[in-house]
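Chain by chain, the residues:
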Amino acid sequence: MAEIIIKSNENEAAELVADFFFKQIETNPKLVLGLATGSTPLKVYELLAEKIKRSNIDVKSLQGFSLDEYVGIDFAHPESYHSIIDNHVTKPMGLDPAKVNVPNGNYETIISAGPDYEKAIAAAGGIDIQILGIGTDGHIGFNEPGSSLASRTRIKTLTEQTRIDNSRFFNSLDEVPTHCITQGIGTIMQAKHLILMAFGESKAEAIAQSVEGGISSFWPASALQMHPRATVVIDEACSSKLKNAQYYKWAFEHKPTWQGL
Ligand code: PGA
């Protein structure tokens, strides 16, 4: 199963993950980063950008692949995932924009956009470390409950719950797009290391089901149980429904020093 790390709060968790990313970038300046949008990873991006600036390391060879994008949204819309990745990752970290990829949600090319994205990931040699958030319904990327655990990058219909969850970023629920293009669960599972982060009571059920429940397409993040290197970083509030929280804390405190995160 995944390694579960429970930190007292979101800031401590973000520090841990940002430190880990920074060390990986220092050792491999050609790292292929798997990026996520949503509010969860924003603190990690902010801390990582500060670390990069302070250190003057060369990040021009880093590559990035984001998980998903809305279909039919203008790239320049402030809530398009193109804009969000640009504003929170590419610009503050000083990455080469030509090396940072977001799935193409244009209606006209949507049929070929998935396979094209898969080809681009393969051409980069695969994703080294993929950061993930999770929806209250257990989705990863925009793979909603019922998504095939072997799925690849493709168009999906958003659930009502996800549209409601994301309506806080738009003026009204009606403005939230109905479709998205997302890396599939099979695509995500091919990244060499997965780091899923989740905070707060509202994600506690999704985390408990995904980590300690059965593997099921109805809790898409439960696929992580089959990944050889998955790390789940949560805060206390988000650990409230885990049966084995005390054990995970104990195991993290007693982990061998050669283990990374
Ligand atoms: P959030 O979204 O980080 O804004 O909570 C996560 C997700 O829906 O995958």
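As shown above, the structure is provided for reference.
What counts and what doesn't
Residues numbered from 1 in each chain as written. Predicted model: local features only at pLDDT ≥ 70, side-chain atom pairs only at ≥ 80, totals over all residues. Heavy atoms only, no water. Helix = DSSP H or I, 4+ residues; strand = E, 2+ residues; numbered from the N terminus. Expected span 1.5 Å × (residues − 1). Buried < 20%, exposed > 50% of the residue type's maximum accessible area, 1.4 Å probe, protein only. Polar contact = N/O pair within 3.5 Å; in protein donor to acceptor, adjacent residues only side chain to side chain. 1 Å grid on protein atoms, 1.4 Å probe; cavity = no way out; pocket = protein on both sides within 12 Å on 5 of 7 lines; lining within 4 Å. Points joined across faces, edges and corners; volume = space filled by probe spheres on them. Nonpolar A, V, L, I, M, F, W, Y, C, P; charged D, E, K, R; others polar. Pairing = 2+ DSSP bridges. Right-handed = clockwise from strand over helix to strand, strands pointing away. Core = buried A, V, L, I, M, F, W, Y, C linked by side-chain atoms within 4.5 Å. Contact = heavy atoms within 4.5 Å. Near = heavy atom within 4 Å.

A.B. asks: What is the right way to read helix H1 (residues 10-27) from this model?
C.D. replies: In an α-helix, one turn spans 3.6 residues, which is why side chains three or four residues apart end up on the same side. Between the first and last C-alpha of H1 there are 26 Å, a value that for 18 residues agrees with the 26 Å anticipated at 1.5 Å per step. Every buried residue belonging to H1 is among Ala13, Ala14, Leu16, Val17, Ala18, Phe20, Phe21, Phe22 and Ile25, and all of these are buried. Between a side-chain oxygen at the N-terminus of H1 and the backbone nitrogen of Asn11 the separation is 3.1 Å; the capping residue is Asn9.

A.B. asks: I tried to follow empty space enclosed by the protein on my own but got confused; where do I start?
C.D. replies: Remark: the empty space left among the atoms is shown by a probe the size of a water molecule rolled over them. A full pass over the atoms with the stated rule returns two cavities of 30 Å³ or more. What the largest cavity holds in volume is close to 60 Å³. Together, Phe21, Leu33, Gly34, Leu35, Val44, Tyr45, Leu48, Met93 and Ile131 line the largest cavity. Broken down by secondary-structure element, the contributors of at least two residues to the lining of the largest cavity are strand E2 (32-35) and helix H2 (42-55). Among the residues making up the lining of the largest cavity, the classes are represented as eight nonpolar, one polar and no charged.

A.B. asks: I'm lost on the pairing of strand E9 (residues 193-198) in this one. Help?
C.D. replies: Walk down a regular strand and you will see the side chains alternate between the two sheet faces. With six of six residues buried, E9 is to be regarded as a mostly interior element. Here strand E6 (residues 129-132) pairs with E9 via four bridges, running parallel. Counterpart to Gln130 in the pairing with E9 is Leu194. Note: E9 against strand E10 (residues 230-235), five bridges, orientation parallel. Paired with Leu196 across the bridge in E10 is Val232. Read from E9 through helix H7 (residues 204-212) to E10, the crossover connection turns out right-handed.

A.B. asks: So what exactly am I meant to see when it comes to the nonpolar core here?
C.D. replies: Generally speaking, a soluble globular protein has its nonpolar side chains buried in company with each other. Grouped together as the largest cluster of nonpolar side chains are 78 residues, with contacts concentrated most on Leu196 and Ile207. The element contributing the most residues to this core is H1, with nine residues. When neighbours within four sequence positions are excluded, Ile207 is seen to be in contact with Ile134, Leu196, Ala198, Glu212, Val232, Ile234, Cys238 and Leu242.

A.B. asks: What's the story with unusual backbone geometry in this structure? I'm lost.
C.D. replies: Negative phi characterises most residues that are not glycine, and trans characterises most peptide bonds. Backbone geometry places Asn56, a non-glycine residue, at a positive phi of 60 degrees. Within the fold, Asn56 resides in the loop between H2 and strand E3 (63-66). Given the relative accessible area of 68%, Asn56 is considered exposed.

A.B. asks: Help me understand the site of the ligand in this model?
C.D. replies: Every residue near the ligand is listed here: Gly38, Ser39, Thr40, Gly133, Ile134, Gly135, His139, Arg168 and Lys203. Here an oxygen atom of the ligand sits 2.5 Å away from a polar atom, N or O, in the side chain of Thr40. Among the residues making up the shell around the ligand, the classes are represented as one nonpolar, six polar and two charged.

A.B. asks: What exactly am I supposed to notice about the side chain of Ser80 here?
C.D. replies: Looking at where Ser80 falls in the secondary structure, it is placed in the loop between strand E4 (68-70) and helix H3 (81-93). Relative accessible area serves as the criterion here: at 0%, Ser80 is assigned to the buried category. Within the structure, the side chain of Ser80 is placed 2.6 Å from the backbone oxygen of Phe75, a separation counted as a polar contact.

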